[in-house]
Amino acid sequence: MTTIRVLIADDQMMVRQGFTVLLDAEPGIEVVGQAVDGLDAVAKVAELRPDVVLMDIRMPALGGIEATRLITEPAGATVKVLVLTTFDLDEYVYEALRAGASGFLLKDASAAELAQAVRVVADGDALLAPNITKRLIAEFSRMSGAPRAPLKERVGDLTERETEVLSLIAQGLSNAEIAQRLVVAEQTVKTHVSRILLKLGLRDRTQAAVFAYETGLVRPAGY
């Protein structure tokens, strides 16, 4: 079993230590370091090369959103960022997703939820808590105005079937559910997803969902 290396970035020592204890008790997960703010997180990522960063949004020196951007933007960056928040519709979470975060987690999550979130984000195979993440993306895409033209033009690079798959990803469907909806093999869906991410220069399914909402490919209910 491959061990998932985790860095915890939070300015509250009790949060860092609590999450460290919970995650170190989980098989296949190892906390390799802690960061006290965004600047520290960026430095520790370069030093420790974790697979996943648990990133608090509000921190001194450098906030979680900008730290997320600095960590995920460089070419070849593979580390995944899981944003920590107190409220599931925190106004900053959507910006964090746009900055490159792969999902978010409430700070009062159980040990099982925390471990599952880390595994899901590390795997990159599914949205984190699709029903919540989808609702958050939809809620804040309502406030993002008209579809962003440069992004919208990139949808044209996709085939009709890839566009359909992207739309279903944004609606929170898993590969198995998409396969069932389109009456194709799950491996075929996985191939489509890989091509979508490659063509659009996206890192994972969460980024694909954000892209779909921002281009207007998928609109929130009632809009």
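Scroll up a little and you will see the structure.
Residues numbered from 1 in each chain as written. Predicted model: local features only at pLDDT ≥ 70, side-chain atom pairs only at ≥ 80, totals over all residues. Heavy atoms only, no water.

A.B. asks: What is the right way to read the overall build of the protein from this model?
C.D. replies: A tally of helices and strands in the protein yields 11 helices and 5 strands. Burial status across the protein gives 49% buried among its 223 residues. Across the protein, contacts joining residues at least 24 apart in sequence account for 69% of those joining residues at least 6 apart. Total accessible area computed for the protein in this model is approximately 10,500 Å², and 53% of it derives from carbon and sulfur atoms. (Helix = DSSP H or I, 4+ residues; strand = E, 2+ residues; numbered from the N terminus. Buried < 20%, exposed > 50% of the residue type's maximum accessible area, 1.4 Å probe, protein only. Contact = heavy atoms within 4.5 Å. Areas by Shrake-Rupley, 256 points an atom, 1.4 Å probe, with all protein chains shown as cover.)

A.B. asks: Quick question: what am I supposed to make of the packing of helix α9 (residues 175–182) against helix α10 (residues 186–200) here?
C.D. replies: When two helices pack together, their arrangement is captured by the angle between the axes and the distance separating the axes. Orientation of α9 relative to α10, taken along the N-to-C sense of each, is 110°, at an axis distance of 8 Å. Comparing their axes, α10 and α9 come out roughly perpendicular. For the pair α9 and α10, the contacting residues are Asn175, Ala176, Ile178 and Ala179 in the first and Glu186, Val189, Lys190 and Val193 in the second. Taken together, the residues of the contact of α9 with α10 sort by class into 5 nonpolar, 1 polar and 2 charged. (Axes fitted to C-alpha atoms, helices over the stretch in contact; angles between N-to-C directions. Parallel < 35°, antiparallel > 145°, perpendicular 65-115°, else oblique. Nonpolar A, V, L, I, M, F, W, Y, C, P; charged D, E, K, R; others polar.)

A.B. asks: Before we go on, may I ask you to explain the nonpolar core in this structure?
C.D. replies: The nonpolar side chains of a soluble globular protein tend to be buried with one another. Ala9, Val53, Met55, Val81 and Val83 are the most contacted members of the largest nonpolar core, which totals 24 residues. Only β1 (4–9), α2 (38–48), β3 (52–56), α3 (64–72), β4 (80–85) and α4 (91–99) provide two or more residues apiece to this core. In this view, Ala9 contacts Ala35, Ala41, Val53, Leu54, Met55, Asp56 and Met59; residues no more than four positions away in its chain are not counted. In this structure, Val165, Leu173, Ala209 and Phe211 belong to the second largest nonpolar core, which totals 23 residues. (Core = buried A, V, L, I, M, F, W, Y, C linked by side-chain atoms within 4.5 Å.)

A.B. asks: When you look at the pattern of salt bridges in this model, what are you seeing that I'm missing?
C.D. replies: A side chain with one charge can pair with a side chain of the opposite charge if their charged atoms come near. Per the counting criterion, the structure on display carries 8 salt bridges. Glu66 is the salt-bridge partner of Arg69, the closest N and O atoms lying 2.7 Å from each other. Of this pair, Arg69 and Glu66 both sit in helix α3, separated by 3 residues, roughly a single helical turn. Here Arg69 falls in the partly exposed class, since its relative accessible area comes to 25%. (Salt bridge = Lys/Arg side-chain N within 4 Å of Asp/Glu carboxyl O.)

A.B. asks: How should I be thinking about helix α5 (residues 111–123) in this particular structure?
C.D. replies: Helical geometry note: an α-helix holds 3.6 residues per turn, so side chains three or four residues apart project in the same direction. Here α5 is 13 residues long and its end C-alpha atoms lie 18 Å apart, about the 18 Å a rise of 1.5 Å per residue gives. Every buried residue of α5 is listed here: Leu114, Ala115, Ala117, Val118, Val120 and Val121. Packed against the buried residues of α5 are β1, α1 (13–24), β2 (29–35), β3, β4 and β5 (103–106). One or two residues past the end of α5 sits Gly124, with phi positive at roughly 70°. (Expected span 1.5 Å × (residues − 1).)

A.B. asks: What's the story with the environment of Thr78 in this structure? I'm lost.
C.D. replies: Structurally, Thr78 can be placed in the loop between α3 and β4. Thr78 sits 27 residues away from Asp51 along the chain, and the two C-alpha atoms are 7.3 Å apart. Discounting residues that sit within four places of it in the chain, Thr78 has contacts with Asp51 and Arg203.

A.B. asks: Honestly, the sheet that holds β1 in this entry has me stumped. Any pointers?
C.D. replies: Whether parallel or antiparallel, the strands of a sheet pair through hydrogen bonds between backbone atoms. Read from one edge to the other, the open sheet built from 5 strands follows the order β2-β1-β3-β4-β5, with strand pairing classed as parallel. Both outer strands of the open sheet, β2 and β5, are each paired with one neighbouring strand and no more. Each strand axis lies, on average, 25° off the axis of its neighbour in the sheet, ignoring direction. (Pairing = 2+ DSSP bridges.)

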